[in-house]
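Below, each chain spelled out in residue letters.
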Amino acid sequence: MKPEKYVVSLSGGKDSTAMLLRLLEEKRPVDLILFCDTGLEFPQMYEHLARLEAYIGRPITRLKAEHDFEYYFLHYTPKRKNPVLAQYSGMSWAGPRNRWCTGILKTRVVDAYLKELRKSYTVIEYVGIAADEPKRLKDKTYPLAEWGMTEKDCLNYCYERGFDWGGLYEIFHRVSCWCCPLQSLDELRKLHRRFPDLWQQLETWDDATWRTFIKGYSARDLAVRFDFEERWQKAGGNLRSRAFYAAMREEIQRRRTEVKPCLTSRREMLSRER
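Residues numbered from 1 in each chain as written. Predicted model: local features only at pLDDT ≥ 70, side-chain atom pairs only at ≥ 80, totals over all residues. Heavy atoms only, no water.

## Digging into the packing of aromatic side chains
Then, in step 1: In total, this model carries 23 aromatic pairs according to the counting rule given.
Then, in step 2: Between Phe42 and Phe195, the aromatic rings sit 5.1 Å apart at their centres with planes inclined by 55 degrees, giving tilted as the arrangement. Of this pair, Phe42 sits in the loop between strand E2 (32–36) and helix H2 (43–56) while Phe195 sits in the loop between helix H8 (185–194) and helix H9 (196–207), and the two are 153 residues apart along the sequence. Like Phe195, Phe42 is buried.
Then, in step 3: When the ring of Trp165 is compared with that of Tyr169, the centres are 5.0 Å apart and the planes differ by 85 degrees; the resulting orientation is edge-to-face.
Then, in step 4: The class for Trp165 is buried, based on a relative accessible area of 2%.
Then, in step 5: Classification of Tyr169 as buried rests on a relative accessible area of 12%.
Then, in step 6: Members of the aromatic cluster, each reached through a chain of ring pairs, are Phe69, Phe73, Trp93, Trp100, Trp178, Trp205 and Phe213.
Then, in step 7: Its guanidinium or amino end placed over the ring of Tyr121, Lys5 lies 4.4 Å from that ring's centre, counting from NZ or CZ.
Then, in step 8: Above the face of the Tyr157 ring, Arg161 is positioned so that its terminal group lies 3.5 Å from the ring centre. (Phe/Tyr/Trp six-rings, centres within 6.5 Å; stacked < 30°, edge-to-face > 60°. Helix = DSSP H or I, 4+ residues; strand = E, 2+ residues; numbered from the N terminus. Buried < 20%, exposed > 50% of the residue type's maximum accessible area, 1.4 Å probe, protein only. Lys NZ or Arg CZ within 6 Å of the ring centre and 35° of its normal.)

Quick look at the structure:
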């Protein structure tokens, strides 16, 4: 019979952090703490992980995919089911039906690691899904659900122990990959306003790929929209009016015309390099 190994699956967010802290406080068995690094976390998240590691006095095992996000995004090209896409290089932005980044950069990496571990151990994997997310509970071990801890409880639990992620949860509802195109417009608006350096990187990637960041909008279009919203509101305008949407579309189209030569030149350059 294989010996048991208790593994914490740590995303670094409020739920998995609260789970880890309480497991250790209650002296539940914890043999290994796994964090899979996509390379796309907010800088504050990496600071949080360093603080957490020092606080618990245990190492956090960091896993990574073979290549980084940019490689898969711009260069790695699978066999396309749609022949129209055969001309394009890279995976480009994820969509609701193709969240390739989660699979390649995270799920597959963790699954491969645990598969090797299971050759020698019976693995008990702790997963930090809160009690108010019952639909996500499957066939692993969910201490938060066992304890009846909601997402709000988890955040407060961490705050009480001095973990605040540099204020990230005061800005965003969820703290995961900062460049995710599946975020709400409101979350993207906050990213644009609060993290201009990250937004600049977002535009750079978006300029170099073949699929727009979200349906109907490039990253630059969104930046134009968010800036235009602020100006419209300052002038006393209503963001829900037809006049706003008409004016916003005109502004976006005008700005597209201004930057088009530059972006075309950059895409041609990237094409020649490949």
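## Focus: the environment of Leu32
Then, in step 1: Residue position: Leu32 is located in strand E2.
Then, in step 2: Residues Leu32 and Ile60, spaced 28 residues apart in sequence, show a C-alpha to C-alpha distance of 7.6 Å.

## What to know about unusual backbone geometry
Then, in step 1: Of note, Ser92 is a non-glycine position whose phi angle comes to about 60 degrees, a positive value.
Then, in step 2: Phi is positive for Trp165, which is not a glycine, with a value near 55 degrees.
Then, in step 3: With respect to the helices, strands and loops of the structure, Trp165 is situated in the loop between helix H6 (151–160) and helix H7 (168–171).

## A short note on the pattern of salt bridges
Then, in step 1: Counted under the stated rule, the structure contains 26 salt bridges.
Then, in step 2: For the salt bridge of Glu229 with Arg225, the shortest nitrogen-to-oxygen distance reads 3.1 Å. With Glu229 and Arg225 both in helix H10 (residues 219–234) and four residues apart, this pair spans about one turn of that helix. Neither Glu229 nor Arg225 differs from the other in exposure class; each is buried.
Then, in step 3: Measuring nitrogen to oxygen at the nearest pair gives 2.9 Å for the salt bridge that ties Arg254 to Glu251. (Salt bridge = Lys/Arg side-chain N within 4 Å of Asp/Glu carboxyl O.)

## Notes on the packing of helix H1 (residues 14–25) against H2
Then, in step 1: At their nearest, the axes of H1 and H2 sit 12 Å apart, and the two run at 5 degrees to each other. Between H1 and H2, the angle falls in the class roughly parallel. Listed contacts from H2 to Thr17, Leu20, Leu21 and Leu24 of H1 are His48, Leu52, Tyr55 and Ile56.
Then, in step 2: Residues belonging to the contact of H1 with H2 are distributed by class as follows: six nonpolar, two polar and no charged. (Axes fitted to C-alpha atoms, helices over the stretch in contact; angles between N-to-C directions. Parallel < 35°, antiparallel > 145°, perpendicular 65-115°, else oblique. Contact = heavy atoms within 4.5 Å. Nonpolar A, V, L, I, M, F, W, Y, C, P; charged D, E, K, R; others polar.)

## Structural notes on the nonpolar core
Then, in step 1: Counting residues in each nonpolar core, the largest one holds 78 residues, and the members touching the most others are Val8, Phe42, Phe69, Trp178, Leu191 and Trp199.
Then, in step 2: With seven residues, the top contributor of residues to this core is helix H4 (residues 100–117).
Then, in step 3: Look past the residues within four positions of Trp178 in its chain and what remains in contact with it is Leu40, Glu41, Phe42, Gln183, Leu191, Leu198, Gln201, Leu202 and Trp205. (Core = buried A, V, L, I, M, F, W, Y, C linked by side-chain atoms within 4.5 Å.)

## Some points on the confidence of the model for the chain
Then, in step 1: Chain-level statistics for the chain give a pLDDT mean of 93 and a share of 95% at 70 or above.
Then, in step 2: Long-range and interchain partners of residues 264–274, a stretch whose pLDDT sits below 50, account for nine contacts in this model, where long-range means more than four residues apart. (pLDDT = per-residue confidence, 0-100.)

## Notes on the pairing of strand E4 (residues 122–127)
Then, in step 1: Among the six residues of E4, five are classified as buried, and the element is accordingly described as predominantly covered.
Then, in step 2: Relative to E4, strand E1 (residues 4–9) is paired through six bridges, and the arrangement is parallel. Residue pairing across strands places Glu4 opposite Thr122, the latter belonging to E4. (Pairing = 2+ DSSP bridges.)

## Topic: the sheet that holds E2
Then, in step 1: In space, the four strands of this open sheet follow the order E3-E2-E1-E4, with parallel pairing throughout. At either end of the open sheet lies a strand with only one pairing partner, and these are strand E3 (61–63) and E4. Ignoring which end each strand starts from, the neighbouring axes of this sheet average 30 degrees apart.
Then, in step 2: Of the strand pairs in this sheet, E2 and E3 are connected by three bridges, and their pairing is parallel.

## Examining H6
Then, in step 1: When H6 is considered as a whole, its buried residues turn out to be Glu151, Cys154, Leu155, Tyr157 and Cys158. For H6, the buried positions fall inside an angular range of 160 degrees around the axis, keeping them on one side. Exposed positions of H6 whose direction lies more than 90 degrees from the buried face are Lys152 and Glu160.
Then, in step 2: Against the buried residues of H6 lie H1, helix H5 (143–147) and H7.
Then, in step 3: Two residues or fewer past H6, Gly162 is found with a positive phi of approximately 90 degrees. (Arc of directions from axis to C-beta.)

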